[in-house]
Number of protein chains: 2
Amino acid sequence: MTPASTPPIPLGPSAPVVGVIGAGQLARMMQPAAIALGLRLRVLSADPSDCANQVIPDVVSGHPSDLEAVLGFARGCEVVTFEHEHVPAKVLDALVATGIPVRPGPGALLYAQDKAEMRAKLSSLGLPCPAWARVATPADAAEFGNETGWPIVLKATRGGYDGRGVWVVEDADSAARVVEEAAARGVALLAEAAVPFVRELAAQVARSPHGQAVAYPVVETVQAEGICREVYAPAPLVDEEHALEAQRIALTIAKELEVTGMLAVELFQTADGRLWINELAMRPHNSGHWTIDGAVTSQFENHLRAVLDLPLGSPAPHAPLAVMANVIGLDLPDLYPAYLHCLARDPGLKIHNYGKSVKPGRKIGHVTVLGRDFEDSAERARHAAAYLRGEIDE
Amino acid sequence: MTPASTPPIPLGPSAPVVGVIGAGQLARMMQPAAIALGLRLRVLSADPSDCANQVIPDVVSGHPSDLEAVLGFARGCEVVTFEHEHVPAKVLDALVATGIPVRPGPGALLYAQDKAEMRAKLSSLGLPCPAWARVATPADAAEFGNETGWPIVLKATRGGYDGRGVWVVEDADSAARVVEEAAARGVALLAEAAVPFVRELAAQVARSPHGQAVAYPVVETVQAEGICREVYAPAPLVDEEHALEAQRIALTIAKELEVTGMLAVELFQTADGRLWINELAMRPHNSGHWTIDGAVTSQFENHLRAVLDLPLGSPAPHAPLAVMANVIGLDLPDLYPAYLHCLARDPGLKIHNYGKSVKPGRKIGHVTVLGRDFEDSAERARHAAAYLRGEIDE
């Protein structure tokens, strides 16, 4: 890792430095796009083992809640952006006060950080949200469940990801236990009606400060235990009307919340076709990893272009469909020995190995397959992801 | 730049380090492929301003002719490869003696380093070369020219690139001047018949140590003043028979010369359709830059896969055609300010900025456009390259 004091490597006179808060796989996957455009990335890394540190020379050590570290990191950056939303408001405000552009800005980021603020804002815009309420006591939760029907979903308003901080509760007693435990830990909660969805979708758009926006094809996402497993682009079972509606929702949110950079809107679709907003992410998102290999402009390139206020690139796909499967840590300590088999079996397979140490349940990579036939492409992606994690051995 | 003594960043237990001799744009463009596959690149950089140093954390300073530097650099590498051929034989031999695989090996690389050795070998294989001879004296050159007809082409057997070390001479007097000057500098020459070509082509293949090979679509290349300006993939005016013949020639050379990694065979095509071998390069090559955006597996990824003896990836193109235009340094000191116009004009444009300081005539970047219509795609790529270098201003 390069210490912050290393003299800068010579660059063209105006090639900008983009500061990225966070140094995990999302920052790592920004680097190929930055290399092509001749941008320099600087990452703020809280842990020397962060996987972006392997591939980006300009690493500043520091935690995103450490104001001095963040301000030192930001010095000399053309713009500061994020690979995660876990940055305290006081740090964001101090960063904005320096005059360095922060994109997305704190005013937008709030709605990705706080699910209750997000619900209040989207409801006020008339966008389709499930019934929801802030809950502070077991009585609040019981009242909400009795009104909307059980089960209900309780969520920490802040800090959850990959299914953490989300509890589906069947009755008032179960809800009370979650509410009391959260209260004891000082965690604010909201309750949402459980949406009886038939599938989950994601709509991604990029938006720049001058207001240009592009929408990617709407995808279907498949989760297990709260973690995304597979993404199908475009969503194979969604008709054009509802795909356009999902894009319209995402474009509206990007505009009304003044998002800059990539926005992902996770949606539920119910049997009647209706769409319900689940979560927002204001950064590159797992549902768009297929764009690295499958679109003219990847979500990572468009995120960088958007936060630099450069014109956005075409989101057009290269192939009729793409299937992305996450590689979730299991038994194998490392992905590399499995390459021989996977790459020999499928010359079209695109492997992405994040260089992370393997822990069960951890996202350690993904694979993408482009194709024409859904079942064939899905089988190829699933097989490779299962083989790479050690779930199957042939 | 990270000194060689920096403690290694933690990696998965078996992710290999690939050593690359040279740290220019070809090494730089290997990094996105390495990032995806979770490989670590280490570059040997002769100059701190080498453009790969901006994007690869593991940089070892040293000149490729410095044996101690090269051996220190190679220690811990799974394999050593190259972005250029300018490595002395004694360094290559010492490297091989360490037991670390060197790919391509010195036995193959000789034919990319020495044009006379290349002509002798390819002629012995019955492959189509123009008439040629080693020339040591003005009389040798005059005799060759009188036999084959003037003009003839004189070439330094070693060390030339981008048109340097090549002289087209019209008569015996001009030849004598080149021969005498070369002799005074100790430069060995060969003479070749000037091929009256109608177009230049390039055939690229990847070949791995276990003998697998894949062939990319044959491209047309357009040069000016010895420097590649544009590449059309696939070559629009070449019929299937001759395209297959070009691929067969490249596959034969890769096999017979035991090339590992990428091989580019530059070819002339004459009006009768016949193909004539011009030059060889055993590394990623300018004629394959379109594959970064335009093929399922880029030449950079297949080079890394080949030298690691991993199965090779599909060379299939994403679109009916791709046009690549080099950005050659001219007036503008930096490409970045031109992005606003170029990216707004063409959302499908793929800009590659090598981060090099601009010198007139220097390759500082390239652009790629994928499309269906040749004239439209060529106009878009040409316009962007001309605007980025400052040749046009609208």
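Report on the accompanying structure. (Residues numbered from 1 in each chain as written. Chains lettered and ligands numbered in written order. Predicted model: local features only at pLDDT ≥ 70, side-chain atom pairs only at ≥ 80, totals over all residues. Heavy atoms only, no water.)

**Things to note about the overall build of chain A**
Worth spelling out the cut-off: Secondary structure elements follow DSSP: runs of H or I no shorter than four residues count as helices, runs of E no shorter than two count as strands, and numbering proceeds from the N terminus. Put simply, the radius of gyration uses C-alpha atoms, and a globule should come to 2.2 Å times the residue count raised to 0.38. Only protein chains enter the accessibility calculation, which uses a 1.4 Å probe; a residue is then buried when its area is under 20% of its type maximum, exposed when over 50%, and partly exposed in between. We call two residues in contact whenever any of their non-hydrogen atoms come within 4.5 Å of each other. Per-residue and other accessible areas were derived by the Shrake-Rupley procedure at a 1.4 Å probe size, with only the shown protein chains allowed to occlude residues. Neither His nor the chain ends contribute to the count of charged residues, in which Lys and Arg are positive and Asp and Glu negative. For charged residues, the charge sits on one atom: NZ in Lys, CZ in Arg, CG in Asp, CD in Glu.
The secondary structure content of chain A amounts to 12 helices and 17 strands. Radius of gyration (C-alpha) of chain A: 21 Å, near the 21 Å computed for a compact globule of 394 residues. Principal-axis analysis of the C-alpha atoms places the extent of chain A at approximately 65 × 55 × 40 Å. The buried share of chain A, reckoned over its 394 residues, is 60%. At a minimum sequence separation of 6, the contacts of chain A that also span at least 24 residues come to 63%. Per element, the accessible surface of chain A, about 14,700 Å² overall, is 52% carbon and sulfur. The distance from the centre of the 33 positive side-chain charges to the centre of the 47 negative ones in chain A is 5 Å.

**Structural notes on helix 6 (residues 138-148) of chain B**
All names here are of chain B. This is how the line gets drawn: Here the arc refers to the directions that run from the helix axis out to each C-beta atom.
Looking at helix 6, one finds that the buried residues are Ala-141, Ala-142, Phe-144 and Gly-145. An end-on view of helix 6 places all buried positions within 165° of arc, on one side of the element. Facing away from the buried surface of helix 6 by more than 90 degrees, the exposed residues are Ala-139, Asn-146 and Glu-147. The inward-facing, buried residues of helix 6 contact strand 5 (132-135), strand 6 (152-156), helix 7 (172-184) and strand 8 (189-193).

**Focus: the nonpolar core**
Across soluble globular proteins, nonpolar side chains show a tendency to be buried alongside one another. The following threshold applies: Side-chain atoms within 4.5 Å are what join buried Ala, Val, Leu, Ile, Met, Phe, Trp, Tyr and Cys residues into a set we call a nonpolar core.
Counting 96 residues, the largest nonpolar core has Val-367 of chain A together with Val-367 of chain B as its most contacted members. The contact partners of Val-367 of chain B, leaving out residues within four places of it in the chain, are Val-323, Met-324, Ala-325, Val-327, Leu-349, Lys-350, Ile-351, Ala-381, Ala-384, Ala-385 and Leu-388 of chain B.

**A closer look at the relation of the copies chain A and chain B**
Our working definition: For this overlay, a least-squares fit was computed on C-alpha atoms, restricted to residues scoring pLDDT of at least 70 in both copies.
For the pair chain A and chain B, the relating rotation is 180°, the translation along its axis is 0.0 Å, and the fit reaches an RMSD of 0.0 Å. The two molecules are tied by a two-fold rotation axis, judged by turn and shift. Most of the interface of chain A is mirrored in chain B, where 100% of its interface residues are also at the interface.

**Focus: the pattern of salt bridges**
Short version of the rule: Between Lys or Arg on one side and Asp or Glu on the other, a salt bridge is scored when a side-chain nitrogen of the former is within 4 Å of a carboxyl oxygen of the latter.
Counting across every chain of the model gives 34 salt bridges over all chains. Here Glu-85 of chain A ties to Arg-283 of chain A by a salt bridge, and the two come within 3.0 Å at their closest N and O atoms. With Glu-85 of chain A in the loop between strand 4 (79-82) and helix 3 (89-97) and Arg-283 of chain A in the loop between strand 14 (275-281) and helix 9 (291-294), this pair connects stretches of sequence that are 198 residues apart. Accessibility classification places Glu-85 of chain A together with Arg-283 of chain A in one group, the buried group. Put simply, Glu-379 of chain B and Arg-345 of chain B hold a salt bridge, and the shortest N to O gap is 3.2 Å. Note that Glu-379 of chain B is positioned in helix 12 (residues 374-389) and Arg-345 of chain B in helix 11 (residues 339-345), a separation of 34 residues in sequence.

**A word on the state of the cysteines**
For clarity, the threshold we go by: Any cysteine sulfur atom paired with another within 2.5 Å is treated as part of a disulfide.
Under the criterion given, the structure shown has 0 disulfides over all chains. Note on Cys-342 of chain A: no disulfide assigned, nearest cysteine sulfur contributed by Cys-228 of chain A at a separation of 19 Å. Note on Cys-342 of chain A: relative accessible area 2%, which makes it buried. Not part of a disulfide, Cys-51 of chain B finds its nearest cysteine sulfur in Cys-228 of chain B, a span of 17 Å.

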